[in-house]
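What the coordinates show
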Amino acid sequence: EILLTQSPAIIAASPGEKVTITCSASSSVSYMNWYQQKPGSSPKIWIYGISNLASGVPARFSGSGSGTSFSFTINSMEAEDVATYYCQQRSSYPPTFGGGTKLEIK
Amino acid sequence: EVQLVESGGGLVKPGGSLKLSCAASGFTFSDYYMYWVRQTPEKRLEWVATISDGGSYTYYPDSVKGRFTISRDNAKNNLYLQMSSLKSEDTAMYYCARDRDYDYWGQGTLVTVSA
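Here, residues in each chain are numbered from 1, in the same order as that chain's written sequence. Chains and ligands are labelled by the order in which they are written, letters from A for the one and numbers from 1 for the other. In keeping with the model being predicted, local features are shown solely for residues with a pLDDT of at least 70 and side-chain atom pairs are shown and tallied solely at 80 or more, while totals for entire chains, interfaces and linings include all residues. Heavy atoms from the whole structure form the basis of all side-chain values; hydrogens and water molecules are not counted.

The next thing to look at is the overall build of chain A. Working definition: helices are DSSP H or I runs of at least four residues, strands are E runs of at least two. Numbering for both runs from the N terminus. Of the regular secondary structure elements, chain A holds zero helices and 10 strands. Taken from the N to the C terminus, the helices and strands of chain A come in the order β-β-β-β-β-β-β-β-β-β. Counting every position in chain A, which comprises 106 residues, the buried fraction comes to 48%. Contact definition: two residues touch when any of their heavy atoms are within 4.5 Å. Of the contacts formed within chain A by residues at least 6 apart in sequence, a portion of 55% connects residues at least 24 apart. For chain A, the accessible area works out to roughly 4700 Å², and carbon and sulfur atoms hold 50% of it. Taken together, the 7 basic and 6 acidic charged side chains of chain A have centroids lying 3 Å from each other. Partly exposed describes any residue whose relative accessible area lies between the buried limit of under 20% and the exposed limit of over 50%, with all areas from a 1.4 Å probe on protein chains only and scaled to the type maximum. The method behind every accessible area is Shrake-Rupley, applied with a 1.4 Å probe, and residues are considered shielded solely by the protein chains displayed. Only four residue types enter the charge count: Lys and Arg as positive, Asp and Glu as negative, with His and the chain ends excluded. The location of each charge is read from NZ of Lys, CZ of Arg, CG of Asp or CD of Glu.

It is worth spelling out the packing of aromatic side chains at this point. For any pair of aromatic rings, the description rests on two quantities: the centre-to-centre distance and the angle between the ring planes. The aromatic pairing rule takes the rings of Phe, Tyr and Trp, using the six-membered ring of Trp, and pairs them if the centres are within 6.5 Å, calling planes under 30 degrees apart stacked, those over 60 edge-to-face and the rest tilted. By the definition in use, this model includes 16 aromatic pairs over all chains. With a centroid separation of 5.8 Å and 85 degrees between ring planes, the pair formed by B:Y102 and B:W105 is classed as edge-to-face. Judged by relative accessible area, B:Y102 falls into the buried class, the value being 1%. Ring-pair connections join several aromatic residues into one group, and the members of that group are A:Y35, A:F97, B:Y35, B:Y95, B:Y102 and B:W105. In this scheme, Lys NZ or Arg CZ marks a charge over a ring once it lies within 6 Å of the ring centre and within 35 degrees of the ring normal. Taking NZ or CZ as reference, B:K19 lies 4.6 Å from the ring centre of B:Y80, over its face.

Attention now moves to the interface of chain B and chain A. Taken together, the 17 residues of chain B in the interface contact 16 residues of chain A. The term buried area means the drop in 1.4 Å probe accessible area that two parts suffer when joined, counted for both and summed. Among the residues of chain B in contact with chain A, B:L45, B:W47 and B:D101 are the three that bury the most area, contributing 43% of the side total. Counted as salt bridges are all cases of a side-chain nitrogen of Lys or Arg within 4 Å of a carboxyl oxygen of Asp or Glu. Taken together, the connections running from chain B to chain A amount to one salt bridge. When the shortest N-O distance is used, the salt bridge between B:D101 and A:R90 registers 2.9 Å. Throughout this description, a polar contact denotes any pair of N or O atoms lying within 3.5 Å of each other; where both atoms belong to protein, one of them has to be capable of donating a hydrogen while the other can accept it, and for residues adjacent in sequence the pair is counted only when both atoms sit in side chains. Between the two partners, chain B and chain A, sit nine residue pairs in polar contact (both at pLDDT 80 or more). Looking at the side of chain B that touches chain A, the elements that each hand over two or more residues are β4 (34-39) and β5 (45-51) of chain B. If you tally residues by element for the side of chain B that touches chain A, the top one is β5(B), at four residues. The residue classification treats Ala, Val, Leu, Ile, Met, Phe, Trp, Tyr, Cys and Pro as nonpolar and Asp, Glu, Lys and Arg as charged. All others, Gly included, are polar. Split by residue class, the side of chain B that touches chain A holds eight nonpolar, four polar and five charged.

What is meant by a nonpolar core is a set of buried Ala, Val, Leu, Ile, Met, Phe, Trp, Tyr and Cys residues, joined one to another through side-chain atoms within 4.5 Å. By size, the foremost hydrophobic cluster in this structure holds 37 residues, and its most contacted members are A:M32, A:F72, A:Y85, B:Y102 and B:W105. Tallying contributions element by element places strand β3 (residues 19-29) of chain A first for this core, with five residues. If we ignore the near neighbours within four places in the chain, the residues touching A:M32 are A:L4, A:C23, A:I47, A:Y48, A:G49, A:I50, A:F70, A:C87, A:Q88 and A:Q89.

Any link to function would need more than the numbers given here.
Quick look at the structure:
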C-alpha cells in the first residue's frame, strides 16, 4: 500500500498570499488527485491527473509533481478557499488518500 | 445534473449487518465504475469497494474483504454495499462516488458501530 504524507497538517494564510501544500508518496506514483472538502460537505474533485483542474475550479489553483513528490498551490488565497484538501493516488491498488491539510484564513 | 443519494446508515451493534444504498441520477449509470469511500470520525478517507460498470468485477481492501459486498442494479440505477460482521472501526460516513477520479460524491450516510 502506498502511503501519502501531506504537509503541513494545518496552514493559515492571509488573503492574497500564496499557499503550497505538499504530498509525499512512499513509492512512485503516476496519477495524483486533489480533493477539496468544506465543513459539513462531501469531498469534491479539485485537481485530477496531477495538474488538471476540475470543472469550475478557479485558475489560481494548480498542481504539479512527479514520482514521490507532489504539490498543490493557490496563487492568491481567497476566503472561499478555506477547506481541507486531500491528495489521493490511484496508480496502484489500493487507492489511498493523504491525511488532509486544513487551510484557514488569517 | 448528476446526483448520488445514499441511504441506509444507522446505529448497529458490533457483529451486526447493514445494507447501504446509493440512488444515482443524471447520467448513464451503467457506463461507469462505482465506488464506496468512507470517512472516519478522525476525517481520514478510505476506499472501501469498487464495482465495474457491468457489475462483473469487484474489488476491496483487506480491511473489509470477506465482510463487505458491493453490488449494483443497472436497471434501477442503484448501488449497494452489504456490510456484515461490523466492527467499531467501521464507524464512518459512507459515500458513494462515480468513476476512477471520484468526480461526483453523494452527501453520505453515517454508520455507527457501537454496543
